[in-house]
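Listed below are the residues making up each chain.
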Amino acid sequence: MSYNTNLLNELSYKLGIWLEFTDYGTNTTYVADVKSKKALCKALGYPADTNEQVQASLDKYKKASFADFVPFTRVVQEWELKPFQVEFVVEQSMQNAILSWVLTREDGTNETGQLNVAETDLLDSLIIGKKTYQTRRCQFVLEAPLGYHNLSFLLNGEKTDTNYQTKLIVVPQTCYMPEKLQSGQRVWGFPIQLYAMKSNRNWGMGDFTDLKNFAPIAEELGASLVGINPVNALFSDNPEDASPYCATSRVFLNPLYIDTDAVPEAKDNPAYAEYKNSARFSELLNQACTSQTVLYKQVAEMKFGALDILYKTFKTVHLDKDGHALTARGSAFKDFCHNMGEKLTNYAIFQAVRDVRTKNGKGADCWWNWGKGFETPKSPKAQEFKNEHADLIYAIKYQQFLAFEQYREAGDMCKECGLSVGLYTDLPVGVGANSSEVWSNQTLFLKDVSVGAPPDSFNKKGQDWSLSGFNPYELKKSGYDLYIRTIAAAMKNAGAVRIDHAFGLSRLFYRVKGGSGAYLAYPFKDFMGIVALESVRQKCLVIAEDLGTAPAGFHELMRGANVLSFGIFHWQKNWDGFIAPQDYNHRCLISSGTHDLPTYTALWKGLDLELAKKMKTISAEQYKMHKENRKVERTQFVKAFLSQSLPMDDRGQTEEIMAGRIVPNWFIPNSYAYLARSSSMLLLVRIEDIVEQEEQVNLPGTYLEYPNWRYKLPVALEELKTDARMIQICEIINKERPK
């Protein structure tokens, strides 16, 4: 009997797997292949390798809708509470029972009510075994403010055998928007790759003190915000794995950003001073500081050596032999550990296991290769390891204590120095499959598939980001707890947050080994509602990185939610070239590029095309097409600048310039003059453009074969304020966007 693809399509459709999609950039329609649909069905918990499995999974899906008395989670806007509607499942024999409910609000207050099951709406029924189950809908008015509440139910005064309570999340219709922006003010700021900051005091890699010191410089230059790359925890035992978008945790922070000199335990510490005066430290420091790229291995050796000394000092001064606090600082650490709870312990166990395995010569390896007893943080050997290596786990917690402390101080400085928006953070779309986040929450993530992107004109094979994505059904069942923590962590200390690949709020593309890949739908209303709630609570502006082919209606929904779109200057075009500044979308952040795009020096010269050709991320045909398009684009830049009467001494007529062999002195100033005049609320000004950097931060489709996430800025932090190019560009922008 041949495989029934129609049944597979039915199952896929029910599970939210897209059967096909169209790339409107190339007008190409892609159809999900059988292998990809099977893999995604299996990852969601519905095997589909044979006809029998597909039918069993369809039956399982149907029964799942009758499995729980009430939904585990409901995300609703305030208007949906009057009346509030909820579906519930009862045996037919209980159709005349009394249904009671108790709302326990976040502040501890209660509200109760009851109704007769017979008076509710019958929606569906199903015979399972010898019993008939009914799905019904009831409605009643609730009074609940924005926040996280609990709604419990009783049937004839008793709890049901299945889930009897719903996590009720009441969310606003729109995200937070600063009053100044609402009133029409247009502001600008600097996006920085924090690790790339050179300074006279750091150890060859930017840190939280550099961020703290840069904030007042940015404000003095006229900026209203400072943006940073994700500073989430990476794999400490493998510092060369440096992508900030492939973290081990999106809740915890990267210890390499700690400025150990600024830690209180470093002051008047003989052991710390001796360490810094050692020959080995001096050798590493010289290598790291003189290199044009970040030498993560050397920086990590210096930082973790220093952190070990500081931890020993901290224990001696602030804790007794049993780990109890002796001082206010000791109490602050204990409070931090308590508040972070089990999630911090799990993260610390995970990293400690990797550290010990590396030290013992086994290699950190992926957690699923650690052997029996290490399957989860609660597994027997993992718990034994926790007890045996308690001090190492405490040391890792101490690193997070320091990182959170300094990150908070940097965020505070961004507000205190007068940046009206403040710190602008970045939320990655996922975490690595081998991460602590997945190890600690395995049911919440999809297995054996990875998040990426389909083929496009810039990446002939598409992209595999090696990230794990959420299982939407299990995530909702968990009350969205991890999702909420992730959103809250990104917004903490921030005045604005960028949601990387924001289309993931609605759907994600999954790569399947040997398959074409396919899109999986996500609960946009729930995801966006939680983003809006945390945005309002933390007074954090939200920007959606929405570059590429959007799901239908996505941009309209985001505008309605007060979320800014993300625009790239040289992509803002119509049939006649670049659109005029006054025609830009007001609710938009505009920039010359992102970390995945070339600097403007590289763009004009076409260095990005040569690099992509060399690294084989584009085909020969794509290279030829882009080469011709770039010639046209240079002409379009000239036409746009002339339309705004921007100065060009040669009016773009020099052959060397228009061929891309020389970057004209007017290109970058005029680009930012043009952008500054745009009606977009926010403008990001890349320092890499101003200081004429040629190297691209990250080349999608490559790993270690290109120095991704390593190039430093060619100008030190202390020199930025007096750099003639910085002064020129900032004066141009401030003329168009005065504070």
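Cut-offs used in this document
- Residues numbered from 1 in each chain as written.
- Predicted model: local features only at pLDDT ≥ 70, side-chain atom pairs only at ≥ 80, totals over all residues.
- Heavy atoms only, no water.
- 1 Å grid on protein atoms, 1.4 Å probe; cavity = no way out; pocket = protein on both sides within 12 Å on 5 of 7 lines; lining within 4 Å.
- Points joined across faces, edges and corners; volume = space filled by probe spheres on them.
- Helix = DSSP H or I, 4+ residues; strand = E, 2+ residues; numbered from the N terminus.
- Nonpolar A, V, L, I, M, F, W, Y, C, P; charged D, E, K, R; others polar.
- Salt bridge = Lys/Arg side-chain N within 4 Å of Asp/Glu carboxyl O.
- Buried < 20%, exposed > 50% of the residue type's maximum accessible area, 1.4 Å probe, protein only.
- Core = buried A, V, L, I, M, F, W, Y, C linked by side-chain atoms within 4.5 Å.
- Contact = heavy atoms within 4.5 Å.
- Axes fitted to C-alpha atoms, helices over the stretch in contact; angles between N-to-C directions.
- Parallel < 35°, antiparallel > 145°, perpendicular 65-115°, else oblique.
- Phe/Tyr/Trp six-rings, centres within 6.5 Å; stacked < 30°, edge-to-face > 60°.
- Pairing = 2+ DSSP bridges.
- Expected span 1.5 Å × (residues − 1).
- Arc of directions from axis to C-beta.

A. Spotlight on empty space enclosed by the protein. Applying the stated criterion to the full structure yields 7 cavities of 30 Å³ or more. What lines the largest cavity is a set of 24 residues, among which Pro191, Gln193, Gly593, Thr594 and His595 lie closest to the centre. Per element, the largest residue contribution to the lining of the largest cavity is 3 residues, and it comes from strand S15 (residues 422–427). Here the residues of the lining of the largest cavity sort into 9 nonpolar, 10 polar and 5 charged. By volume, the second largest cavity is sized at about 220 Å³. What lines the second largest cavity is a set of 21 residues, and nearest its centre among them are Arg250, Val429, Tyr483, Gly504 and Phe527. Of all the secondary-structure elements, those providing two or more residues to the lining of the second largest cavity are helix H14 (481–491) and helix H15 (524–538). Looking at the lining of the second largest cavity element by element, the count peaks at 3 residues for H14.

B. A look at the layout of surface pockets. Roughly 1200 Å³ of internal volume is contained in the second largest pocket. Along the walls of the second largest pocket sit 34 residues, with Ala64, Ser65, Asp68, Tyr473 and Lys476 positioned nearest its centre. For the lining of the second largest pocket, the elements supplying multiple residues, two or more each, are helix H3 (51–64), strand S3 (73–77), strand S4 (84–91), strand S8 (131–140) and helix H13 (472–477). Looking at the lining of the second largest pocket residue by residue, the class counts come to 18 nonpolar, 6 polar and 10 charged.

C. Representation of the pattern of salt bridges in the model. According to the stated counting rule, one finds 42 salt bridges in the structure shown. For Lys627, the salt bridge goes to Glu610, with nearest N and O atoms at 2.8 Å. Residue Lys627 is located in helix H19 (residues 620–643), and its partner Glu610 is located in helix H18 (residues 607–615); the two are separated by 17 residues in the primary sequence. Of the residues examined, Lys627 reaches a relative accessible area of 31% and is grouped as partly exposed. Note on Glu610: relative accessible area 32%, which makes it partly exposed. Through salt bridges with shared partners, one network takes in Arg201, Asp207, Asp210 and Asp259.

D. Representation of the nonpolar core. If you look at the biggest cluster of nonpolar residues, it comprises 188 residues, and the most contacted ones within it are Phe190, Ile192, Phe214, Tyr483 and Val531. Among residues more than four places away in sequence, those in contact with Phe190 are Phe214, Ala218, Leu221, Ala223, Leu225, Val226, Gly227, Val685, Ile687, Ile690, Met726 and Cys730. Core analysis: the next-biggest nonpolar cluster, separate from the first, contains 23 residues, Val76, Leu103, Leu151 and Leu168 among them.

E. Spotlight on the packing of H18 against H19. Remark: H18 packs on H19, axes separated minimally by 10 Å, with the N-to-C direction vectors making an angle of 180 degrees. Taken together, the axes of H18 and H19 lie roughly antiparallel to each other. Of the residues in H19, those in contact with Asp608, Leu609, Glu610 and Lys613 of H18 are Tyr623, His626, Lys627 and Arg630. For the contact of H18 with H19, a count of residues per class yields 2 nonpolar, 1 polar and 5 charged.

F. Geometry of the packing of aromatic side chains. Counted according to the given criterion, the structure contains 60 aromatic pairs. Between Tyr46 and Tyr61, the ring centres sit 6.1 Å apart and the planes meet at 65 degrees, which makes this aromatic pair edge-to-face. One end of the pair, Tyr46, is in the loop between helix H2 (34–43) and H3; the other, Tyr61, is in helix H3, and 15 residues separate them in sequence. Classification of Tyr61 as partly exposed rests on a relative accessible area of 27%.

G. Summary view of the sheet that holds strand S21 (residues 518–521). Sheet architecture is open: 5 strands sit in the order S16-S18-S17-S20-S21, paired in antiparallel fashion. Since the sheet does not close on itself, it has two edges, and those belong to strand S16 (431–432) and S21, each with one partner. Note: strand S20 (residues 507–511) against S21, 4 bridges, orientation antiparallel. Pairing of Leu508 across the sheet is with Leu520, part of S21.

H. Inspection of the environment of Leu467 at higher detail. The residue Leu467 is located in strand S18 (residues 463–468) in this model. A sequence separation of 139 residues divides Leu467 from Ala328, and the C-alpha atoms of the two residues are 40 Å apart. With residues near it in sequence (within four places) discarded, Leu467 still touches Tyr245, Cys246, Val429, Gly430, Val431, Gly432, Val449, Ser450 and Val451.

I. Local environment of the packing of helix H8 (residues 296–318) against helix H11 (residues 390–416). Where H8 contacts H11, the two axes come as close as 10 Å, and the packing angle between them is 100 degrees. Overall, the two elements H8 and H11 adopt an arrangement that is roughly perpendicular. Where H8 abuts H11, its residues Phe304, Leu307, Leu310, Tyr311, Phe314 and Lys315 lie against Asp391, Tyr394, Ala395, Tyr398, Gln399, Phe401 and Leu402. Its residues assigned to classes, the contact of H8 with H11 shows 10 nonpolar, 1 polar and 2 charged.

J. The arrangement of helix H24 (residues 724–736) in detail. Compared with the 18 Å implied by 1.5 Å per residue over 13 residues, the 19 Å span of H24 between its first and last C-alpha is a close match. Every buried residue of H24 is accounted for by Met726, Ile729, Cys730 and Ile733. Relative to the axis of H24, the buried residues are bounded by an arc of 100 degrees and lie together on one face. Along H24, exposed side chains directed more than 90 degrees from the buried face belong to Ala724, Glu731 and Lys735.

K. Expanded view of the sheet that holds strand S19 (residues 496–499). Within the open sheet, the 8 strands sit side by side as S22-S19-S15-S12-S11-S27-S26-S23. Their pairing is parallel. Two strands close off the open sheet at either side, each with one partner strand: strand S22 (541–544) and strand S23 (565–568). Across the sheet, the axes of successive neighbouring strands diverge by a mean angle of 25 degrees, strand direction being ignored. Lying over the sheet, H11 contacts strand S12 (225–228) and S15, oriented at roughly 130 degrees with respect to S15.

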